[in-house]
Amino acid sequence: MPTIPKQLPAEVPRIKSRLVGALGLLIVKLLGWRFDGQLPAQKKVMVALAPHTSNWDFVVAMPFIMALRVRVFFMMKKEAFFFPFKSLFMALGGLPTDRKAPGGIAQQMANAYRQNDKMWVAITPEGTRNKVDKWKNGFLRIAYAADVPILLVAWDFANKRICVDSLYHPVGNLDQDMMEIQRRFSRYRGCNPDKQTDFTGGE
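Described below are features of the structure shown in this document. (Residues numbered from 1 in each chain as written. Predicted model: local features only at pLDDT ≥ 70, side-chain atom pairs only at ≥ 80, totals over all residues. Heavy atoms only, no water.)

## Details of the pairing of strand 2 (residues 44–50)
Piece 1. Strand 2 sits mainly inside the fold: six of its seven residues count as buried.
Piece 2. Summarising the sheet, strand 2 and strand 5 (residues 119–123) pair through five bridges and their orientation is parallel. Residue pairing across strands places Met-46 opposite Val-121, the latter belonging to strand 5.
Piece 3. In this sheet, strand 6 (residues 150–156) lies alongside strand 2 in parallel orientation, the contact comprising five bridges. Counterpart to Val-47 in the pairing with strand 6 is Leu-151. (Buried < 20%, exposed > 50% of the residue type's maximum accessible area, 1.4 Å probe, protein only. Helix = DSSP H or I, 4+ residues; strand = E, 2+ residues; numbered from the N terminus. Pairing = 2+ DSSP bridges.)

And the structure:
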């Protein structure tokens, strides 16, 4: 099984640089991880990454994003976008957000989706590396507002895999959607399993 798919659907937003892809593939091979699953032919999705239990999660995830050459955005507080870091964060896919803006984060992200022909935004539902009783439902509210499906991608540290689990289409009920998404993620174990959430329902 190849570590990285040789071709991706044309709908997937891409990073143009082949050098970025080559560097990412080299790091993936050095880490000894593999990629399982297929990326969907979708122009716009919310990417939910779980279980998030360690700083190592992003050390593992970023080389795969680079190797796949998938253009992925992530949310950051607008205050972080100051000189000389603003250009760097923007280049890496950072999206400045203002929690005090009318409509909140969900409406801001919905507007961003509407303004882009192709857009994949990644988020960790737990919102922290520490153990929490319940996941934050902000990612679902964004998916509702933007009317986009949710791509479930998991860290499987026990088997050194990044797994594309499934493309989930929310039904619009917070509790029902959260419970189903958590059920699908329950088969995976993160870097620190003791920090994973007990899957007992949504927020």
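## Focus on the nonpolar core
Piece 1. In this structure, Met-46, Tyr-113, Met-119, Phe-139, Ile-150, Ile-181 and Phe-185 are the most contacted members of the largest nonpolar core, which totals 30 residues.
Piece 2. Secondary-structure elements contributing two or more residues to this core are strand 2, helix 4 (104–115), strand 5, helix 5 (138–146), strand 6, strand 7 (161–168) and helix 6 (174–185).
Piece 3. Beyond its immediate sequence surroundings of up to four residues, Ile-150 is in contact with Met-46, Ala-48, Phe-139, Leu-140, Ala-143, Ser-166, Leu-167, Tyr-168, Pro-170 and Ile-181.
Piece 4. Core analysis: the next-biggest nonpolar cluster, separate from the first, contains 25 residues, Leu-39, Leu-49, Trp-120 and Ile-162 among them. (Core = buried A, V, L, I, M, F, W, Y, C linked by side-chain atoms within 4.5 Å. Contact = heavy atoms within 4.5 Å.)

## A short note on the layout of surface pockets
Over the atoms, a rolling probe the size of a water molecule traces out where space has been left empty.
Piece 1. Estimates place the volume of the second largest pocket at around 220 Å³.
Piece 2. Together, 13 residues line the second largest pocket, and Pro-5, Lys-6, Arg-14, Ala-67 and Arg-69 are the ones closest to its centre.
Piece 3. Counting residues per element, the ones that place at least two in the lining of the second largest pocket are helix 1 (18–31) and helix 2 (56–68).
Piece 4. In terms of residue count, the dominant contributor to the lining of the second largest pocket is helix 1 (four residues).
Piece 5. Along the lines of polarity and charge, the residues of the lining of the second largest pocket split into seven nonpolar, two polar and four charged. (1 Å grid on protein atoms, 1.4 Å probe; cavity = no way out; pocket = protein on both sides within 12 Å on 5 of 7 lines; lining within 4 Å. Points joined across faces, edges and corners; volume = space filled by probe spheres on them. Nonpolar A, V, L, I, M, F, W, Y, C, P; charged D, E, K, R; others polar.)

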